[in-house]
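Spelled out, the chains give:
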Amino acid sequence: MVTKRLAVAVALTAALATACGSGGSGGSAASAPASSAAAPSAAEKVELTYWNWVPNMDKIVEVWNQAHPDIHVTSSKQAGGDDAAAKFLTAAKAGNPPDLVQAEYQMLPSFVAAEAVADLTPSAGGLKSQFGDGLWSLVTLGTDALYGVPQDSGPMMLYYRADLFKKYGVDVPTTWDEFAAAARTIHKADPKSYLTNFSSKDPGWFAGLSQQAGASWWGINGDAWKVAVNDDPTKKVADFWGGLVKEGVISTTASFTPEWNKALADGKLLAWTSAIWAPGVLSSNAPKTAGKWEIAALPQWNAGENASGFWGGSAVAVSAASKHQDAAVKFLTWLNTDPAATKLLVDQGAIYPAATAAQGALSTAPEFFSNLPDFWQKAASFGAGARGFTFGPDVNVTYNAYKDAMDKAVAAKSSFSDAVTSMQDATVADMQKAGFTLAQ
Amino acid sequence: MPSKRGAAPYVFLAPAVTLFTLFLAVPIGYTVYLSLRRTKVKGLGLGKGAKTEIFVGWDNLKTAVTDPELWHGWERVVGYGALVLVVMLGFALLFALLLDSAHVRLSRFSRISIFLPYAVPGVVASLLWGFLYLPGMTPIGGIDFLSPTAVTYSMANIAVWGGTGFNMLVLYTNLRAIPQEYYEAARMDGAGELEIAFRIKIPILTPAIILTTVFSIIATIQVFTEPTTLRPFSNTISSTWSPLMKVYRDAFVTGDLYSAAATSLVIAAISLVLSFGFLRVVRGRAFGES
Amino acid sequence: MTTQRDRSRIQEALTVGRSRHAAEAPRRPLGLAPTGLLILGAIYCLLPVSWVLVSATKSPGELFTLSTFQPGTGLFSNLESLNAYRGGVFWLWMLNTLIYAGGGALLSTLVSAVSGFALAKYRFPGRNLIFNILIGGILVPAVVLAIPQYLLFSKLGLADTYWAVLLPQILHPYSIYLARIYAAAAIPDSLLEAGRIDGATEFRLLRRVALPLMIPGMVTIFLFQFVAIWNNFLLPFIMLGDDHKFPLTVGLYTLLAAGANQPSLYNLIITGALLSIIPLIALFLTMQRYWRTDLSSGAVK
């Protein structure tokens, strides 16, 4: 891939020239991905629109635009989450989508089912070797097609306040049983403090924890979907958290709310089962706690294992309706695999890159974790055992059911595994209504 | 007497009718069309041609009418709406009468302050109150504004906050338009301010009160922004808290435009029956037609 | 209610009852209770506004740590970061909002005034039907319309353009209703008849007689429509994809959504919220005369 690129004389700043080293060699030649023989001439300038919510994507796109007068990309910042996915699907239905779109892994099957994204196998299939198998299966959906190129990923681990753990005499929990015990100890010592919170607003977080336990919410069985949102591992996870909520030893403040931020900043929440991208969140909402946090593997269901799950992460997909699919693929290939671009994604976009080489290239710990010089190495080892599962074509229904059912369960302190069952029922009902073939 | 002048009124009404057709009638027609259809997928639903749009007749509408979620939404909105209507219009009337009475100091300050929330977009208003409701940030301690029992009141408060000033202004300016002579006779008879308010002002205001009520009914039936913006702050507001939120969820979150279209027709029909029914009863007075 | 009565009301309204209360002799004072109640109401209404004012001065670190009404030290750095955010896109949102609200309200006022005049001053077959149908538009929930409007605009290639936000907001049933009532009250039939005897065309009557007499009412309609479009969220949210065309409400909402992962944005949101309500408050204070006089003659007959 890299060798095929032609060096183009472009007015780059000196810093950029060195940053844009070719391939993994770290050479200093000002090499950037450029038009191949099939590309349109400079006279036919291609305009691409790109919907995303990566911080500072403007600046990253500007670097590309400087180097590529023939393919101009405009980044348009979206609200992110459900809203962004919904908006893209509506735009695609209306025949008015952007050329490129940020697609969270769990939303990609919906995009595919709506025929909104293009199969990139011919032009981007060769990128497979640059990504881990787990991530790659999230963009192929386990089929022969390729619906996007991975951009970032979120293996999960445990973040905790080392200073406060010490204060309360709590050891870092290695199993979920120890985790529950720690929750009790801390809340008993200070009724205003909690070990952590259960978030009824973050289905992605719950999915990640279920993945760790071995759940598999969807599966493809020949020509039929297998749906098991209420499988045993998921119920086990649900009941574990439901028990802690019922006992009142963990907080039920939803994550990413102002109240949650305040609790983190005030040291009233001592731990967070989160993903590798958490430093960005912690540093901006609890800046004064820098240097007090440490990381560990997620607590395990069976002592001695090293299992984890994924929370978050997204791919870049190309609209099926885009008139410039080749140009779009060139851009997204550069964005997600070129060392210079992935470095920008890490530094400016504050994401954990999906490309294997880019992950390996991470050396300096995030500023927030300057107390852990080996942050990335540790994180990589904790995340090594992360397992994902196939996402179905109506994840949005399942996730929405999670929010509604868990909101109720938290308020009523009722059974969390019943909530999981209502997620399953909502998912199955929606798929049946739409006409999907379901395996029994 | 209004007169008959050939084509002129039609020409004058042409822009409004054209806009109505393009941006109301056609979209409504399209909604009806969508409500009669549905997509059907085959097998895994992946790949080209796995999805087709089919005609399903009244199925979507039947589902929408019988959906228990939607009816729970109506129950919540009726409770919320009754609260908003009574409190908001009650305060609006009280403030308007107070402003119009002779013995008030700082009336200009009060009037502008109470009207001020009208300038705050619903999204921003809900955001501000959302922050003020948070147990960790609220200046009023001891109450959990976002608990399951309190959340309806908290939401109603946002609507009352945003709407009282507008309705007060409508009523107040109507009061200002009542000719002074009306009061003179009453004063001669020795009536006090309270008596004047109840015997003269409120009866004269009745058409205006009716009108503000109608518009408030319509607004509360369509409540959407407040609960939507408050959702991230609380565990107690579901994505189908109000009927309109269900439409939004169906259309944009679960991607089912067809159910959304059907549900929105049901909502429009209920709005229509309620408000037009109400208007018909009081039409003679509210519209000033004989 | 007669036209005579209406005219006297207009007159009354235009001269505003400023002098009238001065002439009143207080008879049975209710003491300070009315003033006290109103002040309480004012404080309640100012509470969130003062909160946003104070919070905008807090730096990211202070927002979740300082007590609610304790001013912080970050106002200028908040303004700076808002100014720097995505190359000053906030100011673009402000400008867009002005274009949508100003342009939309202007067109809406014209359409409403002309329609209101026609409905008030002519008798013609279908008058009541047209009026009822137009007014019925107010009953259709915005969400119901937004989805098909979006799909239809996309078919015309107009989605994600300024037109997609401007055009659907021109027709406003309540404004037509107001304009009709105002026209009925403010334009004497005798003037129109006199004009007709002089041989003026209907169009000329509209331009030279009706619209000038309706100007105060049109200002009110303009103001209401301006505020309505300024505060609208749903339509631009659904219609627009390019954030350089966003109005303030949608821009702030995207900030709020992004704030979930970057809570430092909360300061930008709060500062932005404050800045976004300043223009409207200024409009209120400067246009007070119109909020008052013209509602009195125009709101309800």
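Numbering of residues starts from 1 in each chain and follows the order in which that chain's sequence is written. Key to labels: chains lettered from A, ligands numbered from 1, both in the order written. Predicted model: local features are reported for residues with pLDDT of at least 70 only, side-chain atom pairs are reported and counted for 80 or more only, and whole-chain, interface and lining totals are derived from all residues.

Q: Describe the overall build of chain B, listing the residues and the values that go with them.
A: From N to C terminus, chain B includes eleven helices and two strands. Where helices and strands are cited, they refer to DSSP runs of H or I of at least four residues and of E of at least two residues respectively, numbered from the N terminus. Ordered by position in the sequence, the α and β elements of chain B form the string α-β-β-α-α-α-α-α-α-α-α-α-α. What the globule rule says is 2.2 Å times the number of residues to the power 0.38, and the radius of gyration is computed from C-alpha atoms. Against the globule reference of 19 Å for 290 residues, chain B gives a C-alpha radius of gyration of 24 Å, more extended than a compact globule. In this description, a residue-residue contact is defined by the distance between C-beta atoms placed from the backbone, which must lie within 7 Å. A fraction of 69% describes how many contacts in chain B between residues 6 or more apart in sequence connect residues 24 or more apart.

Q: Give a detailed account of the interface of chain C and chain B, specifying residues and quantitative values.
A: The figure often quoted for interface size is the accessible area lost as the parts come together. Between chain C and chain B, the contact holds 84 residues from the first and 86 residues from the second. In terms of residue count, helix α3 (residues 33–55) of chain C provides more of the side of chain C that touches chain B than any other element does, 13 residues in total. Across the side of chain C that touches chain B, the residue classes break down as 58 nonpolar, 14 polar and twelve charged. The residue classification treats Ala, Val, Leu, Ile, Met, Phe, Trp, Tyr, Cys and Pro as nonpolar and Asp, Glu, Lys and Arg as charged. All others, Gly included, are polar.

Q: Can you explain the interface of chain C and chain A? Please cite residues and give values.
A: The interface is formed by 24 residues belonging to chain C together with 28 residues belonging to chain A. Among the elements of the structure, α4 (60–63), α8 (142–155) and α14 (248–259) of chain C are those that each provide at least two residues to the side of chain C that touches chain A. Examining the composition of the side of chain C that touches chain A, we find that four residues originate from one element, α14(C), more than from any other. Counted by class, the side of chain C that touches chain A contains eleven nonpolar, nine polar and four charged residues.

Q: Just give me the short version of the domain arrangement of chain A, but keep the residues and values in it.
A: Residues and elements named next belong to chain A. The assigned domain composition of chain A is domain 1 (41–153 + 313–372) and domain 2 (155–310 + 382–434). Measuring from the centre of the C-alpha atoms in domain 1 to the corresponding centre in domain 2 gives 27 Å. Taken together, the contact between domain 1 and domain 2 spans 24 residues of the former and 23 residues of the latter. Secondary-structure elements contributing two or more residues to the side of domain 1 that touches domain 2 are α3 (81–93), α4 (108–113) and α6 (133–140). Split by residue class, the side of domain 1 that touches domain 2 holds 14 nonpolar, eight polar and two charged. Each domain's extent was defined by an automatic or database domain assignment.

Q: I'd love a proper account of the pairing of strand β9 (residues 310–318) of chain A, names of residues and values included.
A: Look at any regular strand and the pattern is simple: side chains alternate between the two faces of the sheet. Residues and elements named next belong to chain A. Of all nine residues that make up β9, nine are buried, and the element is covered over most of its length. Bridge analysis of strand β4 (residues 149–161) against β9 gives five bridges, and the strand direction is antiparallel. Of the residues in β9, the one forming a bridge with Val149 is Val316. Exposure classification rests on a simple neighbour count of other C-beta atoms within 10 Å of a residue's own: a residue reaching 20 or more is buried, one at 12 or fewer is exposed, and one in between is partly exposed. C-beta atoms are placed from the backbone. Pairing between two strands requires that DSSP report at least two bridges joining them.

Q: Tell me what's going on with helix α7 (residues 181–188) of chain B, and back it up with residues and numbers.
A: Among the eight residues that make up α7(B), zero are buried, leaving the element largely open to the surroundings. Trailing α7(B) by a residue or two, B:Gly190 shows a phi angle of about 85 degrees, which is positive.

Q: Can you tell me about the environment of A:Pro55, naming the residues and giving the values?
A: Residues and elements named next belong to chain A. Structurally, Pro55 is set in the loop between β1 (46–52) and α2 (57–67). Judged by local crowding, Pro55 falls into the buried class, with 20 C-beta atoms found within 10 Å. A sequence separation of 197 residues divides Pro55 from Thr252, and the C-alpha atoms of the two residues are 29 Å apart.

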